[in-house]
Amino acid sequence: MEHITLSELARRIKLSLSEGVPLPVWVSAEIGEIKVNRTSGHCYMELVESGGGSVPKAKISAVAWRTQYSAMAAHFRSVTGSDLSVGLSVLFRVVVTFHELYGLSLQVVDIEPAYTLGEQERQRRETIERLTKEGVIDMNRSLSLPMVVQRVAVISSAQAAGYRDFMEHIAASPYGFRITLFEALMQGLQAADSVAAALAEVADRADEFDAVVVIRGGGSQSDLSCFNSYELCYVAAQMPLPIITGIGHDKDTSVMDLVACVEQKTPTAVADFLVDRMREFDGWLAQAEVQLSQRVADVVARSRSEIASREEMLSMAVTHLFERRRDALLRAEMLVAASDPRSLLSRGYAIVRREGGVVLSARVLRSGSKVEILFADGRVTATIDDVKLNVDTE
Amino acid sequence: MAEKMSYGEAMQELEAILSRLRGVDVDIDTLAVDVKRATELIAYCRQRLAGVEEEVEKILQND
């Protein structure tokens with residue numbers, strides 16, 4: 001039967017390719033996988049075009065040889081601030097190659113970073129528009145964070161350095177947080193779905209928590225695009241619990257950051273935020289305690305002084321009373337003393353008496369009357385010689 | 001005993017006591033009761049903040 005060898009077929013395919021596709025060609029795709037060989041420096045990738053579901057529309061392996069790769073990566077980093085990573089939408093300049101052993105592959109020779117930025121920006125804007133139109137964009141932001149955030153649901157990856165840093169800072173505080181980890185992929189093509197699923201899990205147990213924390217980071221400048229995903233942010237916006245993000249990207253804020261109730265820069269910033277909140281409440285308690293003891297002291301002091309002043313008033317009233325009585329007594333005494341006839345006599349007055357009565361007037365006396373005269377030191381009997389009345393009594 | 005008092009409820013009660021105490025005529029008898037309750041609430045919140053669950057039950061007697 002008419003046949004050709006495999007290698008001959010491969011050669012024909014190669015030929016056909018080089019004639020069929022004008023090479024090199026700019027192609028847009030997403031990075032499904034990316035691995036850089038440490039020794040060789042070559043970068044091996046899998047480029048995909050997502051079909052909207054879990055099965056992509058197209059998938060082709062790609063390679064960027066060391067020289068091109070380091071140049072591209074540097075250029076990309078200088079424009080976007082990020083490294084090439086899984087999940088990114090990129091514009092690559094490729095040469096399609098067919099190798100008799102390795103099959104079809106794309107050789108990447110150049111990159112246009114602006115496309116990636118543009119794509120991210122476009123996705124971001126689109127997501128924001130949709131969420132705004134549907135009226136959900138403000139929902140999580142309008143939730144109020146409880147005064148004490150103690151029971152925390154954390155969405156992160158257990159291996160991530162960000163998670164470890166977060167837990168370290170939390171553990172270092174004197175407060176008793178109750179942290180529950182809901183694991184999710186925090187980067188790559190599945191990240192958006194994974195985080196959304198974790199959020200849904202937390203939402204089912206919403207009454208067990210005070211807030212949800214979404215953290216990622218650890219220094220690498222990896223892609224934020226999963227956090228611009230409409231599907232993820234739609235779920236996030238409608239979370240019944242306030243979301244606190246610490247997704248670790250200081251260039252742009254992702255839509256997730258925008259939608260969240262509280263946004264922090266890094267996982268440690270989130271931990272510090274939570275600890276500070278506890279500290280604030282703790283401080284309020286201390287203040288309440290001080291106020292309490294101050295008020296008690298005030299009230300006791302006031303009561304004491306009230307009692308003291310009443311005591312004083314009482315003793316003053318009693319003293320006054322005594323003094324008045326004593327004065328009255330003294331006056332009476334003096335009056336009595338003054339009225340005593342003996343005091344009259346001692347002052348030189350004499351009392352004239354006649355037959356049992358005191359003579360009060362000269363009129364009752366005649367010459368020859370016999371009278372008795374009392375002195376302070378004795379009595380004499382006398383006979384009246386002469387009576388002369390005062391002219392004005394006539 | 002009902003379920004644990006929330007921080008918000010404790011804070012509200014504490015605020016109410018403090019504002020009562022700021023008033024001009026404070027009865028010295030109700031003062032003792034208020035102070036005891038306020039001290040209880042503060043201790044409860046402190047223990048809960050520290051995450052010490054067992055202590056919490058002992059502190060709140062009449063709730």
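The structure this text deals with has already been given above.
A brief look at the structure comes next. (Residues numbered from 1 in each chain as written. Chains lettered and ligands numbered in written order. Predicted model: local features only at pLDDT ≥ 70, side-chain atom pairs only at ≥ 80, totals over all residues. Heavy atoms only, no water.)

Quick word on the packing of helix α8 (residues 267–339) of chain A against helix α2 (residues 28–50) of chain B
The criterion, for reference: Angles run from 0 to 180 degrees between N-to-C directions of axes, and those axes are lines fitted to C-alpha atoms, restricted for helices to the stretch in contact. Runs of H or I in DSSP of at least four residues are treated as helices and runs of E of at least two as strands, each being numbered from the N terminus. Working definition: roughly parallel below 35 degrees, roughly antiparallel above 145 degrees, roughly perpendicular at 65 to 115 degrees, and oblique for all remaining angles. Each crossing is labelled by how the near helix is turned from the far one, with a counterclockwise turn of less than a right angle marking it left-handed and a clockwise turn marking it right-handed. In what follows, a contact means two residues having at least one pair of non-hydrogen atoms within 4.5 Å. All amino acids are sorted into three groups, where Ala, Val, Leu, Ile, Met, Phe, Trp, Tyr, Cys and Pro are nonpolar, Asp, Glu, Lys and Arg are charged, and the leftover types, Gly among them, are polar.
Running from N to C, α8(A) and α2(B) cross one another at 165°; their axes reach a closest spacing of 11 Å. The pairing of α8(A) with α2(B) is recorded here as roughly antiparallel in orientation. Classified by chirality, the crossing of α2(B) by α8(A) is left-handed. When α8(A) is examined against α2(B), the residues M278(A), F281(A), D282(A), L285(A), A286(A), A288(A), E289(A), L292(A), V296(A), V299(A) and S303(A) are found in contact with a partner set consisting of I28(B), L31(B), V35(B), A38(B), T39(B), I42(B), C45(B), R46(B) and L49(B). Here the residues of the contact of α8(A) with α2(B) are counted per class, giving 15 nonpolar, 2 polar and 3 charged.

Describing the pattern of salt bridges
All names here are of chain A. Counted only if it meets this: Every case where a carboxyl oxygen of Asp or Glu lies within 4 Å of a side-chain nitrogen of Lys or Arg is listed as a salt bridge. Residue burial is assigned from relative accessible area. The probe radius is 1.4 Å, only protein chains are included, and a residue is buried under 20% of its type maximum, exposed over 50%, and partly exposed in between.
Tallying each qualifying case throughout the model produces 23 salt bridges over all chains. Between D340 and R342 there is a salt bridge whose closest N-O contact spans 3.6 Å. With a relative accessible area of 64%, R342 lands in the exposed category. The partner of E372 in a salt bridge is R379, and the shortest N-O contact between them spans 3.0 Å.

Re the packing of aromatic side chains
Residue and element names in this part refer to chain A. Rule in force here: Two aromatic rings from Phe, Tyr or Trp, using only the six-membered ring of Trp, form a pair when their centres are within 6.5 Å; if the ring planes differ by under 30 degrees the pair is stacked, by over 60 it is edge-to-face, and anything between is tilted.
Under the definition given, this model contains 5 aromatic pairs over all chains. Ring centres of Y44 and W65 lie 6.5 Å apart, and the angle between their planes is 90°; on these two criteria the pair is classed as edge-to-face. Note that Y44 is positioned in strand β2 (residues 43–49) and W65 in the loop between β3 (58–64) and α2 (66–80), a separation of 21 residues in sequence. A relative accessible area of 39% places Y44 in the partly exposed class.

Digging into the sheet that holds strand β13 (residues 370–375) of chain A
Residues and elements named next belong to chain A. The following threshold applies: We treat two strands as partners when DSSP finds at least two bridges between them.
On the basis of which strands lie adjacent, the open sheet formed by 4 strands has the order β12-β11-β13-β14 and antiparallel pairing. With one partner strand each, in any of the chains shown, β12 (357–358) and β14 (378–383) form the two edges of the open sheet. Where strand β11 (residues 351–354) and β13 come together, 3 bridges link them in antiparallel fashion. Along β13, the bridge assignment pairs R353 with E372.

Here we look at the interface of chain B and chain A
As a reminder of what qualifies: Put simply, buried area is how much 1.4 Å-probe accessible surface two parts lose in total, over both of them, once they are put together. Residues adjacent in sequence count toward polar contacts only when both atoms are side-chain atoms; beyond that, a polar contact is any pair of N or O atoms within 3.5 Å, and within protein one must be able to donate a hydrogen and the other to accept it.
Opposite the 24 residues of chain B that make contact, chain A presents 22 residues. Together chain B and chain A conceal approximately 2100 Å² of surface at their shared face, both sides included; 69% is due to carbon and sulfur atoms. Counting every contact that joins chain B to chain A gives 2 salt bridges. Residue E289(A) is joined to R46(B) by a salt bridge in which the shortest nitrogen-to-oxygen separation is 3.3 Å. The interface formed by chain B and chain A includes 7 residue pairs in polar contact (both at pLDDT 80 or more). Counting only elements with at least two residues in the side of chain B that touches chain A, the list comes to α1 (7–22) and α2 of chain B.

Taken by themselves, the reported measurements are silent on function.
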